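Topology and contacts: notes
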Number of protein chains: 2
Amino acid sequence: MQSQQVQQILDVAGDLFFELGFWNAKVSEIAARSEISTASIYKAFESKDALFRAVLAWGIEKLKILAKPPIEAGDPINQLLQASDRYHALCDSALFRDLIRAPIEHNNIPLMFRRSMCRQIRSALEQLCMPPLQACAEVGLLDRQQIKEAFRLLSAYIEHQTIWYGLLVSPASKNSGAREQIADEAVRITLSAYPPGGVVASGPYGGAAQSVVATQPPPPRAPED
Amino acid sequence: MQSQQVQQILDVAGDLFFELGFWNAKVSEIAARSEISTASIYKAFESKDALFRAVLAWGIEKLKILAKPPIEAGDPINQLLQASDRYHALCDSALFRDLIRAPIEHNNIPLMFRRSMCRQIRSALEQLCMPPLQACAEVGLLDRQQIKEAFRLLSAYIEHQTIWYGLLVSPASKNSGAREQIADEAVRITLSAYPPGGVVASGPYGGAAQSVVATQPPPPRAPED
């Protein structure tokens with residue numbers, strides 16, 4: 001089978017699997033819609049399960065391409081804002097949602113395959129964010145010892161905006177209007193949580209977390225108004 | 001039917017639904033394990049779908065009880081650390097995971113019901129964290145105008161640690177060993193992101209996010225070693 005035909009089948013199969021769920025999507029329907037025989041599909045993919053896994057692998061390839069950042073010089077914060085904005089757009093996309101939902105919906109996916117999916121999705125997102133985070137560290141905007149931690153925080157903040165509503169309630173996220181604002185806040189939070197050279201933020205909670213428990217809080221301040 | 005019997009059925013049904021999935025769990029098996037007739041179950045719950053929704057509602061009630069903080073005076077940061085630690089433990093629990101997975105696995109759950117589940121879970125988590133966040137704001141450790149934003153960040157950070165691995169790969173989270181450390185870091189990040197009185201952190205990225213894009217980054221620093 002030509003690789004173009006394979007891609008055609010994977011696209012059609014993806015549409016049906018994700019719309020109807022694994023069990024309701026019929027291979028005969030996938031065959032009809034891709035104008036190919038059911039027998040040829042089984043010849044190429046062996047089983048419906050294998051076809052499903054191929055759809056997921058294909059989806060991850062697409063995600064990797066979407067997450068590949070253009071080489072861009074200039075202001076590191078702008079780079080990071082752009083990456084965060086793109087990150088949020090990715091999380092908000094049907095592709096991302098389908099890739100995340102699939103292993104939950106279809107519990108036949110082997111553990112090894114789930115692990116590999118998880119790893120690949122995370123590494124695509126890393127590929128998107130690590131270069132601008134590194135650029136920020138280079139110019140002294142971020143602790144260069146804590147780039148991984150900064151990525152974790154950025155991820156957590158951005159993904160949280162879409163995962164709850166998008167995954168649990170409705171595929172159409174209600175937050176898409178606020179995307180820029182979310183990317184902006186994610187960058188602000190990340191850079192203030194991991195300032196350069198381990199220099200902690202000023203203010204009453206400046207120290208390392210471990211030491212805070214032992215510290216007495218400052219006395220209550222007078223009301224400001 | 002006595003309410004004790006109803007609870008017994010809901011517990012047994014929950015075990016089976018969550019272990020086998022909605023479609024593989026049989027009402028006859030639920031009946032057998034709770035030592036009650038299938039007819040009585042259908043009399044009490046009308047349908048398998050209604051039984052499933054009752055299981056979820058019962059799970060949410062349990063979550064609410066677990067998330068109810070004991071009234072505790074003392075150091076607000078300690079209160080917040082304890083709440084964060086308990087939050088993480090909740091996210092790491094089978095109950096939480098099952099409640100999150102259910103609407104994804106079983107797409108027959110009506111949208112209204114999903115929304116209500118989502119709202120109730122979030123409000124249980126708010127109930128756990130808002131009092132200590134407010135206590136921190138009272139003593140000037142947190143911007144009292146941004147308690148909601150602080151809760152969002154705390155949530156995002158804590159949930160992100162369990163949701164990826166726990167939801168997508170394996171029900172047994174691999175991170176449970178680091179729980180205290182995660183709660184600690186969540187508190188540190190939250191308090192440094194929203195300092196009191198809108199006083200922003202010192203350092204090159206001290207200003208409001210919106211203004212940063214226009215700001216030139218400082219010149220690269222000399223290497224420290």
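On a predicted model such as this, the values are computed, not experimentally measured, just so you know. Within each chain, residue numbers correspond to sequence positions counted from 1 in written order. As a convention, the first chain written is A and the first ligand written is 1, with the rest following in written order. Restriction of local features to residues with pLDDT of at least 70 applies here, the model being predicted, together with a cutoff of 80 or more for giving and counting side-chain atom pairs; totals for whole chains, interfaces and linings are based on all residues. Excluding hydrogens and water, the side-chain values take into account all heavy atoms of the structure.

This next bit is on the overall build of chain A. In DSSP terms, a helix is any run of H or I states spanning at least four residues, a strand is any run of E spanning at least two, and both are numbered starting from the N terminus. Along chain A, the regular secondary structure elements total 10 helices and 0 strands. For chain A, the proportion of its 225 residues judged to be buried stands at 51%. The contacts in chain A between residues at least 6 apart in sequence include a share of 71% that link residues at least 24 apart. When the accessible surface of chain A is totalled, it reaches about 10,400 Å², and 53% of it is carbon and sulfur. Whether a residue is buried, partly exposed or exposed follows from its accessible area with a 1.4 Å probe, protein chains only, as a fraction of its type maximum: under 20%, in between, or over 50%, in that order. We call two residues contacting when some pair of their heavy atoms lies within 4.5 Å. Computed by Shrake-Rupley with a 1.4 Å probe, the accessible areas treat only the displayed protein chains as cover when residues are assessed.

Quick look at unusual backbone geometry now. Residue and element names in this part refer to chain A. Of note, E46 is a non-glycine position whose phi angle comes to about 75°, a positive value. In this fold, E46 is placed in the loop between α3 (38-45) and α4 (48-67). On the basis of relative accessibility, which here comes to 72%, the residue E46 falls in the exposed class.

Turning our eyes to something else, we now look at helix α1 (residues 3-20) of chain A. Residues spaced three or four apart along an α-helix point in a common direction, a consequence of the helix completing one turn every 3.6 residues. All names here are of chain A. How far a helix is expected to stretch is found by multiplying one less than its residue total by 1.5 Å. For α1, with 18 residues, the first-to-last C-alpha span of 25 Å sits near the 26 Å given by 1.5 Å per residue. The complete set of buried residues in α1 reads I9, L10, V12, A13, G14, L16 and F17. Elements in contact with the buried residues of α1: α2 (27-33), α3 and α4. G21, located one to two residues past α1, shows a positive phi value of around 90°.

Next up on the list: the environment of B:F113. Following the sequence through the fold, B:F113 ends up in helix α7 (residues 111-138). With sequence-adjacent residues up to four places away left out, B:F113 is seen in contact with B:R53, B:L56 and B:A57.

Moving on to the pattern of salt bridges. Here, a salt bridge means any side-chain nitrogen of Lys or Arg that lies within 4 Å of a carboxyl oxygen of Asp or Glu. For the structure shown, the criterion picks out 10 salt bridges over all chains. Across the pair A:K64 and A:E61 runs a salt bridge whose closest N-O atoms are separated by 3.3 Å. Taken as a pair, A:K64 and A:E61 lie in helix α4 at a separation of 3 residues, close to a single helical turn. By relative accessible area, which is 24% here, A:K64 ends up partly exposed. Judged by its relative accessible area of 35%, A:E61 falls in the partly exposed class. A salt bridge links B:E159 to B:R122; its shortest N-O distance comes to 3.1 Å.

By convention, a stacked pair of Phe, Tyr or Trp rings (six-membered ring in the case of Trp) has centres within 6.5 Å and planes under 30 degrees apart, an edge-to-face pair has planes over 60 apart, and any other such pair is tilted. Under the criterion given, the structure shown has 10 aromatic pairs over all chains. Ring geometry for A:F22 against A:F52: centres 5.1 Å apart, planes inclined by 65°, an arrangement best described as edge-to-face. Highlighted residues: A:F22 in the loop between α1 and α2 and A:F52 in helix α4, separated in sequence by 30 residues. Plain terms: the ring middles of B:F22 and B:W23 are 4.8 Å apart, the flat faces sit at 90° to each other, and that makes the pair edge-to-face. The buried category is assigned to B:F22, whose relative accessible area is 7%. Members of the aromatic cluster, each reached through a chain of ring pairs, are A:F17, A:F18, A:F22, A:W23 and A:F52. Between the NZ or CZ atom of A:K48 and the centre of the ring of A:F22, over which it lies, the distance is 4.6 Å. Placement of a charge over a ring requires the Lys NZ or Arg CZ to be within 6 Å of the ring centre, with the centre-to-atom vector within 35 degrees of the ring normal.

The subject of this paragraph is the packing of α1(A) against α4(A). Residue and element names in this part refer to chain A. Relative to each other, α1 and α4 sit at 100°, their axes nearing to 9 Å. Here α1 is positioned roughly perpendicular relative to α4, judged by the angle of their axes. Between α1, through Q7, I9, L10, D11, A13, G14, F17 and F18, and α4, the contact on the second element is made entirely by K48, L51, F52, A54, V55, L56, W58 and K62. In the scheme used here, Gly and all other residues not listed as nonpolar or charged are polar, with Ala, Val, Leu, Ile, Met, Phe, Trp, Tyr, Cys and Pro taken as nonpolar and Asp, Glu, Lys and Arg as charged. Residue classes in the contact of α1 with α4 are distributed as 11 nonpolar, 2 polar and 3 charged. Axis definition: a line fitted to C-alpha atoms, limited for helices to the stretch in contact. Angles are taken between N-to-C directions and run from 0 to 180 degrees. Oblique is the label for any angle not covered by the other classes, which are roughly parallel (under 35 degrees), roughly antiparallel (over 145) and roughly perpendicular (65 to 115).

On to the packing of helix α7 (residues 111-138) of chain A against helix α8 (residues 147-169) of chain B. It is at 9 Å that the axes of α7(A) and α8(B) come closest, and there the two elements cross at 140°. One way to sum up the angle between α7(A) and α8(B) is to call them oblique. Two secondary-structure elements touch here, α7(A) through A:L111, A:R114, A:R115, A:C118, A:I121 and A:R122 and α8(B) through B:H160, B:W164, B:Y165, B:L168 and B:V169.

A few words now on the environment of A:L154. All names here are of chain A. Structurally, L154 can be placed in helix α8 (residues 147-169). Along the backbone, L154 and A183 are 29 residues apart, and their C-alpha atoms lie at a distance of 8.9 Å. Those residues in contact with L154 that sit more than four places away from it in its chain are L80, S84, C129, A186, V187 and T190.

This part covers the confidence of the model for chain A. Residues and elements named next belong to chain A. The pLDDT score gives, residue by residue, the confidence of the prediction method on a 0 to 100 scale. For chain A, the average pLDDT comes to 82, and 83% of its residues sit at 70 or higher. The lowest-confidence element of chain A is helix α10 (residues 209-212), averaging 34 in pLDDT; the highest-confidence one is α2, averaging 95. Here residues 201-225 scores under 50 on pLDDT; set against residues more than four positions off or in separate chains, the count is 41 contacts.

The next subject is the state of the cysteines. In this description, a disulfide is simply a cysteine sulfur pair whose atoms lie within 2.5 Å. Evaluation of the coordinates by the stated rule reveals 0 disulfides over all chains. A:C129 takes part in no disulfide bond, and the closest cysteine sulfur to it belongs to A:C91, at a distance of 9.1 Å.

Moving on: the side chain of B:R114. Along the chain, the position of B:R114 falls in helix α7. Classification of B:R114 by relative accessible area gives buried; the value is 7%. Two N or O atoms count as a polar contact when they lie within 3.5 Å, although within protein this holds only if one can serve as hydrogen donor and the other as acceptor, and sequence-adjacent residues are included solely when both atoms are side-chain atoms. A polar contact of 2.8 Å, which involves the side chain of B:R114, links it to the backbone oxygen of B:P103. Beyond its immediate sequence surroundings of up to four residues, B:R114 is in contact with A:R101, A:L168, A:V169, B:P103, B:H106, B:N107, B:N108 and B:I109.

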